[in-house]
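Descriptive structure summary
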Amino acid sequence: MARVLMLVHGMGVHGADWATDVKADIVAAAQTFGLDGGFSETLDDDAVTLVPISYDARFRKWLDKWGNDSRELVSFIKKNSIKVPANIVGWLENVDATENNFLWSHVVDVILYRFFDLVTTDVRVSVAKDIAQTWRDALKVDPQAEVSVLAHSLGTSVTHDTLALLATAPPPKATGFLAGDRRLANVFMVANVGRILETSPQVFDSVICPPSVRANGYCGTMFNVRHDLDPFPAPRPFKPGWGGDDFVQIRTKAVREFNVHDFQHYLRDPRVHVPLLRSLFGFDAISPASAQEAMDAYEAARGSTCPERLAAFVQDCRQRVQLIEDSSDVKTLISAGAHFLADVQEIKAACAGGP
Amino acid sequence: MPPIVRHLTRALLALAAASIAPLAAARAQRTPTAALDCRPQDVRTLTAVEIGAEWQAYYPDTVRARVQSLLDAGEWTAAMGTAIDRARDLVRKAPAAQIDRYRDELAGLERDFRTLVALPPDRQDRFRADVLRAAHWTLTQNPATGAISLFPDANRIAVTDEVPSSERRALCWPAIAIAGLLTEHAAPARDRTVEILTSLAHRWDSYIDESYSQLPWELALNGLGRSRRTWEPPGHQWVLLHPSLGVEVAGLHRDDLVRVDVAVLEGLGFLKYYKGYSRRLGLTGVATFSSDRPMALGGYVHLWFPQAKVGYVDRPDTTGKHRGSILVSIDLYDLLTGVPTSLKEAKDAALALRKTRK
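From a predicted model like this one, the values you see are computed outputs, not experimental measurements.

About the cut-offs
Residues numbered from 1 in each chain as written. Chains lettered and ligands numbered in written order. Predicted model: local features only at pLDDT ≥ 70, side-chain atom pairs only at ≥ 80, totals over all residues. Heavy atoms only, no water. Pairing = 2+ DSSP bridges. Helix = DSSP H or I, 4+ residues; strand = E, 2+ residues; numbered from the N terminus. Contact = heavy atoms within 4.5 Å. Axes fitted to C-alpha atoms, helices over the stretch in contact; angles between N-to-C directions. Salt bridge = Lys/Arg side-chain N within 4 Å of Asp/Glu carboxyl O. Buried < 20%, exposed > 50% of the residue type's maximum accessible area, 1.4 Å probe, protein only. Buried area = accessible area lost by both parts, 1.4 Å probe. Polar contact = N/O pair within 3.5 Å; in protein donor to acceptor, adjacent residues only side chain to side chain. Expected span 1.5 Å × (residues − 1). Arc of directions from axis to C-beta. pLDDT = per-residue confidence, 0-100. 1 Å grid on protein atoms, 1.4 Å probe; cavity = no way out; pocket = protein on both sides within 12 Å on 5 of 7 lines; lining within 4 Å. Points joined across faces, edges and corners; volume = space filled by probe spheres on them. Nonpolar A, V, L, I, M, F, W, Y, C, P; charged D, E, K, R; others polar. Parallel < 35°, antiparallel > 145°, perpendicular 65-115°, else oblique. Phe/Tyr/Trp six-rings, centres within 6.5 Å; stacked < 30°, edge-to-face > 60°. Disulfide = S-S within 2.5 Å.

1. Things to note about the sheet that holds strand β3 (residues 157–159) of chain B
Residue and element names in this part refer to chain B.
- Read across the sheet, 3 strands follow the order β1-β2-β3 without closing on themselves; strand pairing throughout is antiparallel. The outermost strands of the open sheet, each flanked by one partner alone, are β1 (140–141) and β3.
- Across the face of the sheet, helix α11 (residues 165–185) comes into contact with β2 (148–150) and β3 while running at roughly 115° to β3.

2. With respect to the pattern of salt bridges
- Per the counting criterion, the structure on display carries 40 salt bridges over all chains.
- The partner of R60 of chain A in a salt bridge is D56 of chain A, and the shortest N-O contact between them spans 2.3 Å. On the criterion of helical spacing, the pair formed by R60 of chain A and D56 of chain A is a turn pair, its members being 4 residues apart in helix α2 (residues 56–79). Residue R60 of chain A shares its accessibility class with D56 of chain A, and that shared class is buried.
- The network of salt bridges with shared partners includes R58, K61 and D122 of chain A together with D205 and D209 of chain B.

3. What to know about the interface of chain A and chain B
- Contact with chain A, which involves 82 residues of that partner, is made by 80 residues of chain B.
- For the pairing of chain A and chain B, the buried interface totals around 7,000 Å² over both sides, and the portion due to carbon and sulfur atoms is 63%.
- For the pair chain A and chain B, the interface holds 10 salt bridges.
- Note that D205 of chain B and R58 of chain A form a salt bridge whose closest N and O atoms lie 2.9 Å from each other.
- Our count for the contact surface shared by chain A and chain B stands at 22 residue pairs in polar contact (both at pLDDT 80 or more).
- When residues of the side of chain A that touches chain B are traced back to their parent elements, those giving at least two are α2, α3 (89–94), α4 (102–115), α5 (117–141), α6 (154–168), β5 (219–227) and α8 (270–281) of chain A.

4. A short note on the pairing of strand β1 (residues 3–8) of chain A
Residue and element names in this part refer to chain A.
- Extensive coverage of β1 is indicated by the burial of 6 of its 6 residues.
- Here β1 shows a buried face lined by R3, L5 and L7 and a second buried face lined by V4, M6 and V8.
- Two strands pair when backbone bridges link them, and β1 and strand β2 (residues 48–53) are joined in this way by 6 bridges, in the parallel orientation. Each residue of the ladder has a partner; that of R3, found in β2, is V48.
- Pairing between β1 and strand β3 (residues 146–152): 6 bridges, direction parallel. By the bridge assignment for β3, M6 is matched with V149.

5. Focus: helix α9 (residues 288–300) of chain A
All names here are of chain A.
- Between its terminal C-alpha atoms α9 stretches 18 Å, which fits the 18 Å expected from 13 residues at 1.5 Å a residue.
- Listing the buried residues of α9 in full gives A291, A294, M295 and Y298. Along α9, the residues classed as buried sweep out an arc of 95° about the axis, all on the same side. Facing away from the buried side of α9 by over 90 degrees, the exposed positions are A289, E293 and A300.
- As for α9, its buried residues are in contact with α7 (263–267) and α8.

6. A look at the confidence of the model for chain B
Residues and elements named next belong to chain B.
- Scored by pLDDT, chain B has a mean of 86; 82% of the residues are at 70 or more.
- Note that pLDDT drops below 50 for residues 20–26; the model gives that stretch 3 contacts with residues more than four away or on any other chain.
- In the model output, the complex is listed with pTM 0.88 alongside ipTM 0.91.

7. Some thoughts on the layout of surface pockets
- Empty space within the largest pocket amounts to approximately 690 Å³.
- Taken together, 41 residues form the lining of the largest pocket, with A185, N186, T221 and S279 of chain A together with Q141 of chain B sitting closest to its centre.
- Here the lining of the largest pocket takes 5 residues from α8 of chain A, the largest share from any one element.
- Residue classes in the lining of the largest pocket are distributed as 23 nonpolar, 11 polar and 7 charged.

8. Description of empty space enclosed by the protein
All names here are of chain A.
- For the structure on display, the rule yields 9 cavities of 30 Å³ or more.
- Of the volumes computed, that of the second largest cavity is approximately 60 Å³.
- Considering the residues around the second largest cavity, the lining is formed by M11, H106, V107, V110, F232, L333, I334, G337, A338 and L341.
- Contributing elements (two or more residues each) for the lining of the second largest cavity: α4 and α11 (330–352).
- At 5 residues, the largest contribution of residues to the lining of the second largest cavity is made by α11.
- Residues belonging to the lining of the second largest cavity are distributed by class as follows: 8 nonpolar, 2 polar and no charged.

9. What about the packing of helix α10 (residues 307–324) of chain A against α11 of chain A?
Residues and elements named next belong to chain A.
- Packing of α10 against α11 brings their axes to within 12 Å, and their N-to-C directions diverge by 175°. Taken together, the axes of α10 and α11 are roughly antiparallel relative to one another. Between α10 and α11, the residues in contact are R309, F313, C317, R320 and I324 and T332, A336, H339, F340, D343, V344, I347, A350 and C351, respectively.
- Of the residues assigned to the contact of α10 with α11, the class counts are 9 nonpolar, 2 polar and 3 charged.

10. Brief notes about the environment of E146 of chain A
- By the element assignment, E146 of chain A lies in strand β3.
- Among the residues examined, E146 of chain A registers a relative accessible area of 16% and is labelled buried.
- Considered as a pair, E146 of chain A and Q319 of chain A are 173 residues apart in the sequence and their alpha carbons are 41 Å apart.
- Apart from the residues within four sequence positions on either side, E146 of chain A is in contact with M1, A2, R3, V4, A185 and S279 of chain A together with R39 and Q41 of chain B.

11. Some remarks on the packing of aromatic side chains
All names here are of chain B.
- Going through the model one piece at a time under the given rule, you end up with 23 aromatic pairs over all chains.
- An angle of 85° between the planes, with centres 5.1 Å apart, marks the rings of W137 and F151 as edge-to-face. Residue W137 is located in the loop between α10 (121–132) and β1, and its partner F151 is located in the loop between β2 and β3; the two are separated by 14 residues in the primary sequence.
- Measuring from centroid to centroid gives 4.9 Å for W238 and F270, while their planes differ by 65°, and the two rings are edge-to-face.

12. Structural notes on the state of the cysteines
- Within the structure shown, the criterion is met by 2 disulfides over all chains.
- Linked covalently through their sulfurs, C306 of chain A and C351 of chain A form a disulfide whose S-S length is 2.0 Å. The disulfide joining C306 of chain A to C351 of chain A has a torsion of about -120° about its S-S bond and is therefore left-handed. One end of the pair, C306 of chain A, is in the loop between α9 and α10; the other, C351 of chain A, is in helix α11, with 45 residues separating them in the sequence.
- For C306 of chain A, a relative accessible area of 2% puts it in the buried group.
- For C351 of chain A, a relative accessible area of 16% gives the class buried.
- Residue C38 of chain B pairs covalently with C172 of chain B via a disulfide, S to S 1.9 Å. With the S-S bond torsion at 80°, the cross-link from C38 of chain B to C172 of chain B turns out right-handed. Of this pair, C38 of chain B sits in helix α3 (residues 34–38) while C172 of chain B sits in helix α11; the two residues are 134 residues apart in sequence, bridging distant segments of the chain.
- For C38 of chain B, a relative accessible area of 0% corresponds to the buried category.

Encoded structure:
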């Protein structure tokens, strides 16, 4: 039977091959349990296909347009020493400077998606088109195909919003994926920022939930994954009072890299990839003993090559998360996230230079 | 080989193999589990021997093969009726406590499916989602226990390893066959949806590529008041504090016209788009700034072709009198001034050719 896992990236710059490493990590995790032979690059009625869904190009398109229009103007204004009424030169000069600006590239995506409605809709249209196409193609290959989504960070918000609209309020006549008619097999929300960025429909009220919550729930099972030290999912965390066993909260705490928000850092943790692989290959594909063994081995493994700095970093992260936990301000998310990413960069550089 | 053909072939082969099942009985058989009896991807791996001759007629792939001729003829009601009849037969083997509920589900499905196919196409999708609830027939697996859930809502039926294999099959196989048929019936709606979304995405591409550029504050302004459920890109645009480059053609007389490069700030304006954003028409109020003259005020007309701007501005001179200038955008100025140059170059080339021939 065909199984498809759509991968939706988070904030920051994601080029055309962004999913290569993510896919490799999922296949490597599968290899631990002898499941790596079950993947296929193309849709197949007897394998798992990993399909990247990208929206970063939409942000870049808007930013590039600002940049292209602005650069010539800025050059002219400077060359002729023209006094313009507002200090817009700096703004215009750096408006698309994401490639070399790590923090800006992350922050601007969140701002554009949350506060610029035209960009929001453009991103949703693009993602809805890609999801619908992948889903449609999978069901053409096999009417029993199981289609799942694995989204990370900003991608959780984009995925939630897009699916909720596709399921309940699609464009006129685009009613081929309505809730009640269709249901995704599994939805994995990793480092979920859906609640802090929510607009309409809100995340606890939408159909993006399992059937035990609402009969027309849009996924058979929903997994919400959060690392204890990751600041991004901390403000307004996704903690619904859903009691069904088709909703699973996964908390992780192992630290192998400084950037605990990183998609791959999450996926390498057996507490995350064991449920993911079971959802794709069946619950019996990984025995409880094998799962426990993998988790124990991961917990016991050595992490950073910079243990002292890591210990201090963990302490800082813990304090940061405590401070922002349950905050309901989007600015908190942006500010805490930016500080966290800056710290990660700084400590990585320090470690590279020796402990 | 198309997958659906592969499934049908598999079903036919399984049927043939079932007739010689006793001979193959010596082959190793897997111990039936809830997953093997109920999880569609595992059910599909059952061999003829594992299925068993008495179960063959109810095997989901067999049911699908049985209704193929009806589907080829477009007889959806009859095809679903056949699947439901097989389900009713099989459900008799289900756990006693579940039989009545299952029969009710089948009766409801039969009634709703008849209604569905009688509806006009534009009403079928909503009916399938809201009334028939096709997703209701999709099985799910419990992530903590591996149990299979049937009718996975608040009153779900849990199928575990503790339930006898025959009862598991009686519960799950009809649902698998029915879910497959319901999925196939909705295929045209999915194709249409992908087509509409693809077309919509192209319109957004055109909007970003062709529309008048928007700076962040304009982008925010033009998004105001839009419903979050509006999918189409806007057909108009407000312009606010929009800087650009322009050329003023200034002077008192025709003989002393001079070119003045200026920075232009469009204070406020409105544009309307036509023909998929390739044409536009609009009006904006402008102020121009240059290095050696005072600020001028005036207006721009945005033209649909060649997507350029032309306007008129007015500034006081040193004597306090107001002097007017024609204002054009850089792209339009280059186009207009480039024409004589192009013509001259063409003439020179033609003359050179004539001389060569002589």
